[in-house]
Amino acid sequence: RKEVEQDPGPFNVPEGATVAFNCTYSNSASQSFFWYRQDCRKEPKLLMSVYSSGNEDGRFTAQLNRASQYISLLIRDSKLSDSATYLCVVHAGGTSYGKLTFGQGTILTVHP
Amino acid sequence: NAGVMQNPRHLVRRRGQEARLRCSPMKGHSHVYWYRQLPEEGLKFMVYLQKENIIDESGMPKERFSAEFPKEGPSILRIQQVVRGDSAAYFCASSPRREEAFFGQGTRLTVV
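Position labels on residues start from 1 in each chain and follow its written sequence. A letter from A marks each chain and a number from 1 marks each ligand, given out in the order of writing. Whole-chain, interface and lining totals are the exception, using all residues; otherwise, since this is a predicted model, local features are given only for residues with pLDDT of at least 70 and side-chain atom pairs are given and counted only at 80 or more. Each side-chain value is worked out from all heavy atoms of the structure, with water and hydrogens disregarded.

Helix and strand definitions follow DSSP, with helices as H or I runs of at least four residues and strands as E runs of at least two, each counted in order from the N terminus. When its secondary structure is counted, chain B shows zero helices and 11 strands. Moving toward the C terminus, one meets the helices and strands of chain B in the order β-β-β-β-β-β-β-β-β-β-β. Viewed in the frame of its principal axes, chain B has a C-alpha envelope of about 35 × 25 × 25 Å. Partitioning the intrachain contacts of chain B with sequence separation of at least 6 by distance along the chain shows that 52% fall at a separation of at least 24. All accessible areas in this document rest on Shrake-Rupley with a 1.4 Å probe, and a residue is counted as covered only by the protein chains that are shown. A total of about 5,900 Å² of accessible surface is found on chain B, and carbon and sulfur atoms cover 44% of it. When the 18 basic and 12 acidic side-chain charges of chain B are each reduced to a single mean position, those positions are 6 Å apart. Any two residues whose heavy atoms approach within 4.5 Å are treated as being in contact. When charges are counted, Lys and Arg contribute as positive and Asp and Glu as negative, whereas His and the chain ends are disregarded. Charged groups are reduced to one reference atom each: NZ for lysine, CZ for arginine, CG for aspartic acid, CD for glutamic acid.

This is the structure we're talking about:
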């Protein structure tokens, strides 16, 4: 089983649509959770951290369910510029320090 | 405050040559991580360094790969006797803390 598992997609949605991505992680001791965005042939960029209480940043909402080891990202009112690969990222904490574990990514294409 | 700087951006090496990838972290950041992204795959952790110390090298291949982060100068990822399977994008990230990572633009290594 992969440490961080995502549906690779691709998701093809029209502008204005709402789209949700899911992610599961296998290490129950994981401490920190993130969504990163990666554009084609570019570096990953932090989109948002994910907290148990849920957090929202504009059109983006992230949720964490520790009991189910499940993370989600919701994008409302999709824009063409949201087209990218979305990476679910987990940090194990403890002595693993800087080691981030990435999912393989979910590809999103927003079309006119 | 410049971001994480990696050079070169593109590197072509013949099989058997050495590849040296450089990474200068963001000012004030003391944690450096190296990740590798093979074509069509997610990012994989390779090594985590602080100045003059390797903290976690659990993702480094056992042979041909080494990394350092000297007291002065950039972090270096060195690949000896490159093979075609080493062709990938190598990303460096730095952090002021243990888990929030800011990525450089990457070095795309092509082995011919």
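A covalent bond between the sulfur atoms of two cysteines is referred to as a disulfide. Whenever a pair of cysteine sulfur atoms sits within 2.5 Å, that pair is classed as a disulfide. Here the structure, examined in full by the defined rule, presents two disulfides over all chains. Through a disulfide, C23 of chain A is tied to C88 of chain A; the S-S separation comes to 2.0 Å. Disulfide C23 of chain A-C88 of chain A: the torsion about the S-S bond is -75 degrees, which places it as left-handed. One end of the pair, C23 of chain A, is in strand β3 (residues 19-25); the other, C88 of chain A, is in strand β9 (residues 84-91), and 65 residues separate them in sequence. A 1.4 Å probe rolled over the protein chains alone gives each residue an accessible area, and that area as a share of the maximum for its type sets the label: buried under 20%, exposed over 50%, partly exposed in between. According to the relative accessible area criterion, C88 of chain A is buried, its value standing at 0%. In this model C23 of chain B forms its disulfide with C92 of chain B; the gap between the sulfur atoms is 1.8 Å. Residues C23 of chain B and C92 of chain B are joined by a disulfide whose S-S torsion is about -55 degrees; by sign, that bridge is left-handed. Highlighted residues: C23 of chain B in strand β3 (residues 19-24) and C92 of chain B in strand β9 (residues 88-95), separated in sequence by 69 residues. C92 of chain B sits in the buried class, given a relative accessible area of 0%.

What follows deals with the sheet that holds strand β1 (residues 4-6) of chain A. Residues and elements named next belong to chain A. Any two strands are treated as partners once DSSP identifies two or more bridges connecting them. Judged by pairing direction, the sheet is antiparallel, and its five strands sit side by side in the order β1-β3-β8-β7-β6 without closing on themselves. Taken across any chain shown, the strands that pair with only one partner, and hence form the sheet edges, are β1 and β6 (55-57). Sheet twist, expressed as the mean angle between neighbouring strand axes with direction ignored, is 20 degrees. Axes, fitted as lines to C-alpha atoms, cover a helix only where it is in contact. Angles between the N-to-C directions of the axes lie from 0 to 180 degrees.

The next subject is the interface of chain B and chain A. Across the boundary between the two partners, chain B contributes 19 residues, which contact 19 residues of chain A. Put simply, buried area is the surface a 1.4 Å probe can reach on two separate parts but cannot reach once they are joined, added for both. Regarding the contact of chain B and chain A, the summed buried area is about 1,700 Å², with carbon and sulfur atoms giving 59% of it. Here, a salt bridge means any side-chain nitrogen of Lys or Arg that lies within 4 Å of a carboxyl oxygen of Asp or Glu. At the junction of chain B and chain A, the tally comes to zero salt bridges. By the criterion applied in these results, polar contacts are pairs of N or O atoms within 3.5 Å in which, for protein atoms, one can donate a hydrogen and the other can accept it, and in which residues neighboring in sequence qualify only through two side-chain atoms. Inspection of the chain B/chain A interface yields four residue pairs in polar contact (both at pLDDT 80 or more).

Residue and element names in this part refer to chain B. Mapping V82 onto the fold places it in the loop between β8 (75-79) and β9. Considering only alpha carbons, one finds V82 and V32, 50 residues apart in sequence, at a separation of 23 Å. Residues contacting V82, with those up to four places away along its chain left out, are R13, R14, R15, G16, Q17, A19, R64 and V111.

Before going further, it helps to spend a moment on the pattern of salt bridges. Residues and elements named next belong to chain B. Per the counting criterion, the structure on display carries seven salt bridges over all chains. Taking the shortest distance from any N to any O, the salt bridge between E18 and R20 comes out at 2.8 Å. The partly exposed category is assigned to E18, whose relative accessible area is 29%. We note a salt bridge from R78 to E18, for which the minimum N-O separation is 2.8 Å. Of this pair, R78 sits in strand β8 while E18 sits in the loop between β2 (10-13) and β3, and the two are 60 residues apart along the sequence. In the salt-bridge network here, residues are joined through shared partners; they are E18, R20 and R78.

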